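Listed here are the chains, written in short residue letters.
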Amino acid sequence: QENLVESGGGLVQPGGSLRLDCVASGIAFASYDMAWYRQYPEKFREMVAIITSGGSTDYEDSVKGRFTTSRDNAKSTVSLQMNNLLPNDTAVYYCKADFTAVYWGQGTQVTVSG
């Protein structure tokens, strides 16, 4: 049973940091490209960061220099380190696995306020 579970979301002040983790099970994790998306209320999901099976990364322009994604294949985990957070970063964040099929996590809420 394939499954992706995100964790690490919460409430943080502007300028603060959060780390999101996504743990995968039931898939050959090392073969999958992994990505982070975020979704604002009543909007479609937008890609925030991607890390391929080979370790290559790319980021949406608004998060470059602030967010870093990494993966640990031994732990079947992809992480998103978010620094210098802004109120506009408030969204539900999802991880996605893409190879022979596409799988999504359940999402975790990030709120930047105060």
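## Re the overall build of the protein chain
Right, on to step 1. Assigned secondary structure in the protein chain consists of zero helices and 11 strands.
Right, on to step 2. Relative to the compact-globule value of 13 Å for 114 residues, the protein chain shows a C-alpha radius of gyration of 13 Å, a close match.
Right, on to step 3. Taken along its principal axes, the extent of the C-alpha atoms in the protein chain is 40 × 25 × 25 Å.
Right, on to step 4. Relative to its 114 residues, the protein chain shows a buried fraction of 39%.
Right, on to step 5. Taking contacts inside the protein chain between residues at least 6 apart in sequence as the whole, the part at least 24 apart equals 53%.
Right, on to step 6. Taken as two groups, the 9 positive and 12 negative side-chain charges of the protein chain have centres that lie 3 Å from each other.

## Here we look at the pairing of strand 1 (residues 3-7)
Right, on to step 1. A one-sided burial pattern is seen for strand 1, the buried positions being Leu4 and Glu6 and the unburied ones Asn3, Val5 and Ser7.
Right, on to step 2. Pairing of strand 1 with strand 3 (residues 18-25), which is carried by five bridges, proceeds in the antiparallel orientation. By the bridge assignment for strand 3, Leu4 is matched with Ala24.

## Here we look at the packing of aromatic side chains
Right, on to step 1. One pass over the structure, following the stated rule, counts three aromatic pairs.
Right, on to step 2. Members of the aromatic cluster, each reached through a chain of ring pairs, are Tyr32, Phe99 and Tyr103.
Right, on to step 3. It is Arg45 that lies over the ring of Tyr94; its NZ or CZ is 3.6 Å from the centre.
Right, on to step 4. We note Arg45 situated over the ring of Trp104; from NZ or CZ to the ring centre the distance is 4.6 Å.

## Re the sheet that holds strand 1
Right, on to step 1. Taken in spatial order, the four strands of this open sheet run 1-3-8-7, and their pairing is antiparallel. This sheet does not close on itself; its edge strands, each paired only once, are strand 1 and strand 7 (67-72). In this sheet, adjacent strand axes meet at a mean angle of 15° when their direction is disregarded.

Cut-offs and rules
- Residues numbered from 1 in each chain as written.
- Predicted model: local features only at pLDDT ≥ 70, side-chain atom pairs only at ≥ 80, totals over all residues.
- Heavy atoms only, no water.
- Helix = DSSP H or I, 4+ residues; strand = E, 2+ residues; numbered from the N terminus.
- Rg over C-alpha atoms; globule rule 2.2 N^0.38 Å.
- Buried < 20%, exposed > 50% of the residue type's maximum accessible area, 1.4 Å probe, protein only.
- Contact = heavy atoms within 4.5 Å.
- Lys, Arg positive; Asp, Glu negative; His and termini not counted.
- Charge placed at Lys NZ, Arg CZ, Asp CG, Glu CD.
- Pairing = 2+ DSSP bridges.
- Phe/Tyr/Trp six-rings, centres within 6.5 Å; stacked < 30°, edge-to-face > 60°.
- Lys NZ or Arg CZ within 6 Å of the ring centre and 35° of its normal.
- Axes fitted to C-alpha atoms, helices over the stretch in contact; angles between N-to-C directions.

So yeah, pure geometry; function would need other evidence.
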